[in-house]
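# Secondary and tertiary structure notes
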Amino acid sequence: MSKIQIEIFEVRNPSLFYGREVNDSDDASSERILFHQLHQNINDQFNNPQSCGLSYQPSKNEVCIGRTAEKVWCRVRVEDMYRRQRGHEAKCFLLDFGTIEMIPFQWLRRASPSHHSVPYQVKSYGLYGIQALTLAVQGDLSCHMEPCVSWDESATEYFRKCLQMTALYFVEVQQEDANKIEVNLYLAIGNQEICVNDELIKKEYAVKREPGDIQRAAISPGNSTRSQPLTIEEELRNLQLKKSKVKSRNTPTSSDNETMSLLSQSVSQRAARRTDSETDSVRSGVFSDVRSVVSGRGRGLPPGQNLQIGRNKTETLRGPEPFVHRSSDTSSLSSSGRVGSTQVMQTSKGDSPTLSLVHDHQKPETDSEQNLHTSMGKRQGSLLSLSSGDGSVLSASLRSPMNGMLGRLMNSLVTPPPSVSQPSVSDSELLNSQPPSANYRPHHTDGSSAESVQRNIRTYTPSSLQRQQPSVDEYLSANIPSGSTQNPDSHKVPNMRSENSQVSGARSLSSVEMSSRKVTSPPSSLSSSHGKIRQGLQPAKKAQNIKDQMLDLVAGAREESSLQNRKTEMMSKMQGDRILANLSGGVKSKLTSIADMPKKFYDSVLVHSLRKVTPYLNFDDVPLVSELKEILKGFEFPSPMLIQAYGWPGILKLNHVVGISPVQTGKTFTYLCPLLSELLNPQSYQELAIGNGPLALILVSSWKKAQGVYDITRGLLREHRRPRPLIIYGGGCEHNQYIPLMNGCEILIGTPPCLIRMINRRYTDLQRLCHLVVDDAEIVLKEYSEEVQKIMEWFAEARKENIHKSVPYQVVAMGTQWTPPVLSFTQAYMLDPTIVITSRFEAAIYGKVTQQVHMCPSSLRSTRLLELLDAILNKGMKVIIFTTTVNDVCFIMELLKSHSLCCNKIHHQMDSYEVEAVLHDWSSGLEKDSPKLLVCTDECVDDMKIDDANAVIHFDLPSESKTRFGNRLSCMRKYYAKYSESEEQEEGQLVKPMSYILMTEHSTGQARSVRDLLKRLKTPIPRELAAMLAGMKQQQEGDKEKELCSYLKAYGVCRFQSRCPHRHIILPDVDKPANSFLTSGEVKICVANVVNATCYYARVLEHRAQDGTLTDLSTTTLSITFELKNWFSVEKNCIRLGNVCAGDVCAIVEDDSFFRVQIQDIKWSNSPGSNIMQAQVFFVDEGRVKDVSIIKLYELPPHLKSYPFQTVEVYLCRLRPIDRDENWTSNADQYAHELLQDKVLFGRIVLSIGHTVWLDPLVERQHLKGSQTTINKMYIRSELLHNGYAVDNEQHVQNLYELCEGLLPVPNLENTQENSELSVETDLLPESEEFHKVCISACDDPGLIFVQRCVFVKQMDAMVDTINDRLQKGEFTPMKASCCKVGTICLGKYTQDDTWYRVKILECLEGGEYKVIFCDQGDTEVLALNRLNPIPQECFEIPMLAIECELAHVQPRGKKWDEKVGDAIWDMTHTVAGGNKHVMAKVVGKKDSVFTGVHRYVVELWDTYTANDINLAQELVWSGLVAPKEGSNLMEMFPKPPVIDFQLYRNPTQMIMDLCACLYWRKDQKRRTRPAREILDIVEKAVKSSPLDLVGYRGLAAIIKLIGRLSDDNAHKCLLRSLLVAAEASDRLAEEIVNQDGDHSVIQCLDQRSQPEIQCQAVDAIYKLISCNNRFVKAFSDASVLEVLCEILEVADERETLYGTGRALNIICKKSKSASDIVYHFKVCHLIAASLERTTDLEACRALLEFLVTLVDKNGKQEPLHNEKLAKVVVSKMDSFFKDDVCIASGVRYCENLCKENRKKKTFLLEQGVVVILKRAIKQERLSVETCRRCEWLMNHLVVQVPISRALNNQPIHPRRSGAPHQRLVPNINWIQNKRNVILEIQVPRARDAPVKLTPNSFMFRTVVEDTLYEAMYELYSKIVPSGCYVSVNRSEVQVKLKKEEPGTWPRLLKEKTKFPNIRINYDKFAGSSSEEDVSDEDNPFVLKKKKIKKFPKDMKKPKGAAVDVKYQESEEESEEEEDSEEAAMGFRTSLVDDYDPYDVFGMMS
């Protein structure tokens, strides 16, 4: 059998030692790698300061995670548990390292299933084929060496010595089971191998073991002198024979005394024979052999048990803590009588149970645990467990009442010590103590019950019972013989008091002692049992045979007392639990509040809230829905993170929460779990209105973060259909979310800019929003401040609408830093927030700890420290000086003492009692006492629990700067500023925490962190520190090993430069161009690998220098490939790479091909079973990176290494990701990959650094064979821009040039930019959007359509205007013929409008003419040279707008396109007036372009301008102009008709369908008239006989389909007539016409500008349809219809069209009030005037004038009706048609309305000669009576009568002097105003009561004074609140206070702009102010007082666009309005300043 090398960690005995195989196989190495990863993960997890890390009480033999003394977390098995003075401890076996350590409970953590995924690294071994020898005692007291189970200490010690002789151990596995591996062990010493198994046999420590040896010895016959040990049966039989004697004997006999003397003598002799090498037993005093006796050595003890017990007791006695016991392994422990005594409890009937306070509880073992518990074998025989210390614990063998020999024998073993005076407590007193309440149910943090925990932990007696008990040291010094070896460690620290001295005289009482007292016995000394055990242990060393005999007797007694034991256990369990509860033993109930929770967590988390926050420290306690709890348990998180434990309570209660925690601490789960739990309860949102908006909105900083949050949300929801999460972000991903957004979602995750766009596009809204979460708050609130402010405004509006609904309202912010934007956001939008900060560093920033930096040389640091202390020390001051080393602590102590400064020190090497003394001194005393100084190290911060320091001095800075630095600052947390404190309270705070930082020239490692801290606090940076940082930056950036930052290369700037590990400066030696010729010129490249949207690896195929030199490089890669193939085709050249080093160039084989690669990194494989060594290689000729095995690497010959790398890194310039992101989206990368991979591109070099070149522009070119020209087919930059993947980054190249200035040669920037822009790009239809809003700029036929994207139309118009203005001024030189080449872009003058546009030369013709295409329109024309001009540079700012397209799914009906199809497309895409209609284009395919751009897009065009969306292709098909393609969704309107002459019809109306089909399919126009007339005849007959047949046989529907789609005028007229006949005949038929969209068919006819006859028929049909039935009013009064009619009115020249349009508009406005208001938006009055001027037809004029009268009748006060031009035209038409009654009547009605306007209009009419015209018309006597009466009335009222005033101030004539009674006068009114009120003073003395009547819009005054009527009624400028107005009647005047409905300044009092002489401003009482506000006093409402207003704070700025209150900000818009008003023009400004309570969310701290 082969030998296996192992390494041994620990030896228990030869039958049990722990070790691990030393194996270099792949499987073993993979397992070790997995173990190291698991070990690292465990340490990372439990060392995380942000984890709750709750300690718990494990069960015995449980596997958990523990922290060793070296502060390393590992997997341990709990072997025993103890309770010390400072807490519980567990004896733990390290399962992966094979050692045992005592670990406090606070450093034990629960293990999750994932922690058991890797097998334990330590295995249990035992020596095979040998058995221990022991001294067997026979019945005649003779001794004989016999095999046994337990090993002697000497054998174990000898075994250990053998192992120390060498470090090479080999084993042969002989037998293996689940618990242990039995082996033959060999020691390799030199060239020899020694078998340890044989050596132990030679030394007589062991004997060979054969199967069945022990069994044969047990059953062999013998006599009284036999040499074999007694069997159990014999022992029981002997015990039965002596039973009567045993019961009767209560005192020891002489034989018993002899037996004990022999035992004592044997033990003494054996102790004397001990050698010095057997140190384990000697160090523990004389107790080791006694433990060997009573623990059953020689029979029945499992392997390793004696070693385990011996070690327990040795370590316990040797340690400073009091000795504590451990229970037996197999049964619960109880004792009868007093411990250590043979007295029996005297009870009635002898069956009273004994008490058991400590129960042995063992959890069921899993399979993995059973494999490791090799030391816990099956028990054989009887066990007697006896230990010393606080009391003795006996096994069940001694629980029953026993007398006689056995009792005397046990009594002799444990004789009592000298008595000590102690207070006594009887058992009856303990039992009668009050038990816990029955209602009390303690909770436990672990899975075990309280009962099991109490059984596993030994407890101390309360301090009241410990005062006079002697210490362990006193017992040891009194009982250990003088010759015994003392503990060598007892005098290592002479100056430190022993920790036992702290508890001297406080000896604890074991629970077993208290349970063992007789209930009826008198009280005895508590120390009696201790003394008896100590005295009994001294003479315990007897002969081995006596030991075996004693154990045999015990085994027999145990069998007899089994029944009583069961009773005892039941009673002792109940009573023992009561005593434990009374003694405060066991484990306390579960922590439920902050006050009860461990101080560690409470101190490390800053929580500021008006509500009590009780953290959830266990997942089971969190009130989440059950599904989420199960999912969280599936993640196997050991416990919640701190931010989760403290954040969940507030979020679950729907409070506003701000959480600040470091990265990767569970912030996403902190808000997601409560949020999802709430959303899974839909009842909370039932009151919300129905909509598609989200209920929860999560704002994130980047698309990667959004994707991560979305993935976690989906993972938590699993199979739940609701709530529905949705993610939105820019970069090509928005268009995929349009439909889902419109369908609605409950959770919306996205970036703020993208959300703003979606809301503006109406895809979603925030009307239902209840939860708003801002993740990465410090980034989002800083980078997207304006967007967040807009979102919060929308959220506030939604909140106002839902304020009265019972729905949640919550704002949550999560971040890693507490910054000013976070503070401002919290103050602005959160009411009473809960602030949770788990980072002590951020908590100090939140608490406003002041930082002061003191720079000094290291030699003067002590001096600076003393100076600082002199400056800051005051009475009551508490200062802590922190340092990192113990030596510095001692140095500072000596330094301060030498300067008479009293101070204390604390460091991690001090004893705990010394630390406690220092802390007690720190906390004692009053504030008026002398200052206190404390010097300490960082390791002591958590243990000190100090929070009231006034200042902290950093003598040096910790290496973990942020974490430990924050720990230091937390010592001042008592004085942190709070969120709820105002600035006044902060300023009034007596103690302000201060932090003083001493920095020297050695503090370079922390300088950058200190700099960042000072910047965040806005503290000036000392000059010395700035100089140090500058030097550090130069040194770090000058590191040649660092690569140039990729962000710097891609964008020209690195946002993360302060923490970026890469280089940000240019080093000429490193960054010089690798290829000298690639510094300028143009290159032709082939893209080999696309890294991201703007970074590629490419092979240079060709280079053209600036001088035109062409270099072909395309063959180099091919030659390298051939040479590689030839070289490695020879077998001897295929040499594996030996030494693998990073940076080496070698070869690799891949798919039987060889490639050159460069090794970038070497790492180990993470997957088991794979090769260990992996190398990350870069394919230098392919541009890709891959991880490969090192065995695939081959050595490369030098000549192949010498070739330069064939790929270069290429960056596309002037682009960056959308929405200010730093990383390209996956969609952008994928798009770039599909666009560029393996394509040949051309680019101009603008910069070259190392192996990297920057190209601008980068294009794909195409050669046109027909014209023999090359065009730029595709601009890569434009593709990314127009498809929404990127945005402009204009400073990119400029920043790179500045970086290279003076270091590397760069091309001329201006020339580069100019040359790079010589080729202007053509616009594209972005693929990121499904539909594009376009307009048709040119159309020949459906095969060639040019469209323009609407986004650039306005820019193009402005550019065209600018160009033409400059050309008119002669700024440009004429075009030269030499410059006119095919493809040249220049300016061309369009013939039709003589306007210059951008053109592209398509062909050079003879005679100096050129065929050009207008690049922005798509039209082509031949122009002469004098109509061409060079194009200026600014014309390249926008792309060419003409996008070449083709209409999808259609084809010609013949061989070529119909001539009318182009006009039809133009009519459908343009308004009647010629304006562009916006149509929606959907790209369905691409082709190569012919004229402009890269692609010819195959598109679908949709007209959304009308009520129903129209597919233009379908309309063309139905118009008969085109045919649908096969496979398309387009259909013909009618199937081909049958031959009607041979068709039989039951009903004539059945023919209509076939007749309509004939009309549709017939191409001959002449043949269409007859079917149309037949249709009309059928309809006319049908409406008289059976009108519903038109509906039933769908004849009416067929007619409607054809309307507007026939080009024959006569046929179309018949169809319209048929429709009118049906509408006039029946209301039911009219309804059917509306249902079949007949009105819309008529409306479509209006757009056919190319067919004016059909257009005229349509307007006439509108008039007739409305006249016959009002059902058509709604459809025809639509704004789009009115707009078309107005456009027809504008362009129509034909009499019929004008007449019909006027009639149609007239009847529409008569029937619809809304229509009469809508037409004013289309400048209808201007159109009427222009049409009246344009026509001379009487009928047209009648129609237009009647339409004008209708507008007057509807609302004569419309301002456009009072236009003088219109009035002049109307008067001229009255003059022209003065004989026509209709024209005169209409004109008079219009003039009557005009007269009501003001006197000026009357004068105007008089000047136009209206009176003359009217008189002439009346004389003709052709007018009707009514018209004549109106004419006379108008003539009489054209004279304006105004009361004559004789006063200069226009005072009315006094009534007494007027001479006429009851004269009517208008009173004078003076008025003043402020923003809220208007005060009127009506100058009428002695007016009657209540002369004023108010309405919301008007004011009326009427009163009679002395026969004079004062009357005035005016319409006010704006609305007022009548209920808030006041009226006061005085002797001299009437005062009226009007309350404005909306605050603001009125530019005038009345709505009319006309000046009234009786109304003026009261300047005497006018109050104007710029810093004061006019207000109205309620006591005196007619006096405007002046109130000082709050000025805007000096340190705050008004936010742009912020929604503000009414305290501080002056309204700019109102001020401008007042300046424009008449009052402001007079210099009396009445603007007031509103109060403004600003929330300067994002600008306050900047």
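Scroll up for the structure.
Treat the numbers as computed from the prediction; the structure is a model and nothing was measured.

### Here we look at the environment of A777
- With respect to the helices and strands, A777 occurs in helix α27 (residues 777-783).
- For A777, a relative accessible area of 1% corresponds to the buried category.
- Taking the C-alpha atoms as reference points, A777 and G815, 38 residues apart in sequence, are found 4.8 Å from one another.
- Those residues in contact with A777 that lie beyond four places of it in its chain are A813, M814, G815 and V822.

### Digging into helix α48 (residues 1459-1469)
- Of the residues making up α48, those classed as buried are V1461, G1462, A1464, I1465, D1467, M1468 and T1469.
- Looking at the packing, one finds that the buried side of α48 touches β43 (1331-1341), β44 (1344-1349), β52 (1479-1488), β53 (1495-1503), α49 (1512-1518) and β55 (1522-1524).
- The N-terminus of α48 is capped by D1458, whose side-chain oxygen sits 2.9 Å from the backbone nitrogen of K1460.

### Some words on the pairing of strand β47 (residues 1409-1414)
- Where strand β46 (residues 1396-1404) and β47 come together, five bridges link them in antiparallel fashion. Across the sheet, residue C1404 finds its bridge partner in β47, namely Y1410.
- Connecting β46 to the next strand, β47, in antiparallel fashion are four residues, including G1407 with a positive phi near 80°.
- Pairing of β47 with strand β48 (residues 1420-1424) involves five bridges; the strand directions are antiparallel. Bridged to V1412 within β48 is E1421.

### Some details on the sheet that holds strand β3 (residues 63-67)
- Taken in spatial order, the five strands of this open sheet run β6-β5-β4-β3-β7, and their pairing is antiparallel. Every interior strand has two partners, whereas the edge strands, β6 (100-104) and β7 (108-109), have only one.
- As paired elements, β3 and strand β4 (residues 73-84) share five bridges and run antiparallel to each other. Its bridge partner being in β4, C64 is matched across the sheet by V76.

Rules and cut-offs
Residues numbered from 1 in each chain as written. Predicted model: local features only at pLDDT ≥ 70, side-chain atom pairs only at ≥ 80, totals over all residues. Heavy atoms only, no water. Helix = DSSP H or I, 4+ residues; strand = E, 2+ residues; numbered from the N terminus. Buried < 20%, exposed > 50% of the residue type's maximum accessible area, 1.4 Å probe, protein only. Contact = heavy atoms within 4.5 Å. Polar contact = N/O pair within 3.5 Å; in protein donor to acceptor, adjacent residues only side chain to side chain. Pairing = 2+ DSSP bridges.

Limitation: the analysis is restricted to geometry and does not speak to function.
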